[in-house]
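Fold and geometry: a report
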Amino acid sequence: MSAVKVVAVTSGKGGVGKTNVSVNLACQMARAGHKVLLLDADLGLANVDIMLGLRPKWNLSHVLAGDCNIDDILLTGPNGIHIIPAASGIKKMAELGPEQHGVIVRSLSALSEKYDVLIVDTAAGIADSVVTFSKASQHVLVVVTDELTSMADAYALIKVLNRDAGIRRFKILRNMVDSQQQAREGFNRLDEVARRFLDVNLEYCGYVPRDPFLIKADARQQAVSELYPGAESSLAFRRLADTVERWETPLGPSGNIEFFMERMLEEQASAGAAS
């Protein structure tokens, strides 16, 4: 199996549509023929299952408690995407430390299914879990709206991930904007400040427009890309999926803790023995 493409979807603050982006990106990647796993990594305030109207019996808290295996909690969503649900309203899950986050990262290597795309919907902000899961991913997609607080908090997040996780490359998605020009101008402002004060590289990855159909889809607990495939936001998510497909996947582990690292190392060892 080729390396799994792992994308962490994150944001500096809540309320910017990060989970909506994660869900619809996963749906569009699956529609394009990929085997997609969506991890709800907002461990204490999970809402991927709520957004899709799913009712999980088990979640990551049960895996950490030893009540079940990672395969036991998988849910099936639109287009056959698989979802790993987290807990909602369980304080201790939001307070897990880096070591326990590492257990979650490593546990995914035990999944019996084979995936080629993993979308990680992180918590918002700069909590330890955001740092760990972003560091364990190959690509970090930061969702930013045009609100001043969203821009400021996105900059703070990029600064923390650069300083604490050594991440230098970030993908930027502008969400809930009125035009491509507005999206580009907002990106340029963020990029200018980041280039001036941080040793990072920001890449513009497009935008998702304000769309009443997305609000309607949310109210019906469905992905807009499934319920209204011709809506402007659905087309934007399709373009985003096409962009993600073109991102190059690293050939091997970087030395940090990574999703599916054990599986990658096992396959490299098997290939070496076969040769």
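Further up the page is the structure itself.
Residues numbered from 1 in each chain as written. Predicted model: local features only at pLDDT ≥ 70, side-chain atom pairs only at ≥ 80, totals over all residues. Heavy atoms only, no water.

Here the focus is unusual backbone geometry. Positive phi is not limited to glycine here, since N79 has a value of about 60 degrees. Considering the arrangement of structural elements, one finds N79 in the loop between β3 (75–76) and β4 (82–84). The exposure class assigned to N79 is partly exposed, which follows from its relative accessible area of 38%. Positioned with a positive phi, Q221 is a non-glycine residue whose angle comes to about 55 degrees. Along the chain, the position of Q221 falls in the loop between α9 (212–219) and α10 (224–227). (Helix = DSSP H or I, 4+ residues; strand = E, 2+ residues; numbered from the N terminus. Buried < 20%, exposed > 50% of the residue type's maximum accessible area, 1.4 Å probe, protein only.)

Turning our attention to the pairing of strand β8 (residues 201–209). As paired strands, strand β7 (residues 169–177) and β8 are joined by seven bridges and run parallel to one another. Bridge pairing in β8 links F170 to L202. As a crossover connection, the stretch from β7 through helix α8 (residues 180–197) into β8 is right-handed. (Pairing = 2+ DSSP bridges. Right-handed = clockwise from strand over helix to strand, strands pointing away.)

Running from N to C, helix α1 (residues 18–31) and helix α11 (residues 232–245) cross one another at 70 degrees; their axes reach a closest spacing of 9 Å. By the angle between their axes, α1 is roughly perpendicular relative to α11. α1 and α11 meet at a crossing whose hand is right-handed. Contacts between α1 and α11 involve N20, V21, N24, L25, Q28, M29 and R31 from the first element and S234, F237, R238, L240, A241, V244 and E245 from the second. In terms of residue class, the contact of α1 with α11 is built from seven nonpolar, four polar and three charged. (Axes fitted to C-alpha atoms, helices over the stretch in contact; angles between N-to-C directions. Parallel < 35°, antiparallel > 145°, perpendicular 65-115°, else oblique. Left-handed = near helix turned anticlockwise from the far one by under 90°. Contact = heavy atoms within 4.5 Å. Nonpolar A, V, L, I, M, F, W, Y, C, P; charged D, E, K, R; others polar.)

Time to look at α1. Given a rise of 1.5 Å per residue, 14 residues ought to cover 20 Å, and the 20 Å separating the end C-alpha atoms of α1 matches this to within 8%. Burial analysis of α1 places 13 of its 14 residues in the buried class, the great majority of the element. Of the residues flanking the end of α1, it is G33, one or two places downstream, whose phi is positive at about 105 degrees. (Expected span 1.5 Å × (residues − 1).)

Within the element layout of this structure, H139 appears in strand β6 (residues 139–144). Using a relative accessible area of 7% as the deciding quantity, one classes H139 as buried.

We now examine the pattern of salt bridges. Inspection of the entire model under this criterion finds 11 salt bridges. Residue K13 pairs with E147 through a salt bridge whose shortest N-O separation is 3.7 Å. In this pair, K13 sits in the loop between β1 (5–11) and α1 while E147 sits in the loop between β6 and α7 (148–165), placing the two residues 134 residues apart along the sequence. A salt bridge links R195 to D191; its shortest N-O distance comes to 2.9 Å. Taken together, the positions of R195 and D191, both in helix α8 and four residues apart, correspond to about one turn of that helix. (Salt bridge = Lys/Arg side-chain N within 4 Å of Asp/Glu carboxyl O.)

All right, on to the side chain of N24 then. Here N24 is to be found in helix α1. Reaching out from N24, the side chain makes a polar contact with the side chain of N20 at a distance of 2.8 Å. In contact with N24, other than residues within four places in its own chain, are A223, V224, S225 and F237. (Polar contact = N/O pair within 3.5 Å; in protein donor to acceptor, adjacent residues only side chain to side chain.)

Turning to the packing of aromatic side chains, a few remarks are in order. Applying the stated criterion across every chain, the model contains three aromatic pairs. The interplanar angle of 20 degrees and the centroid separation of 6.1 Å between the aromatic rings of F133 and F259 together place this pair among those described as stacked. Within this pair, whereas F133 is found in helix α6 (residues 128–135), its partner F259 is found in the loop between α11 and α12 (261–274), the two being separated by 126 residues in sequence. Accessibility assignment for this pair places F133 and F259 in one class, buried. Each ring, one from F187 and one from Y204, has its centre 5.4 Å from the other, and the planes form 55 degrees; the classification is tilted. One end of the pair, F187, is in helix α8; the other, Y204, is in strand β8, and 17 residues separate them in sequence. Residue F187 is classed as buried on the basis of its relative accessible area of 5%. A relative accessible area of 16% means that Y204 is categorised as buried. The ring of W247 carries K171 above its face, with NZ or CZ at 4.7 Å from the centroid. (Phe/Tyr/Trp six-rings, centres within 6.5 Å; stacked < 30°, edge-to-face > 60°. Lys NZ or Arg CZ within 6 Å of the ring centre and 35° of its normal.)

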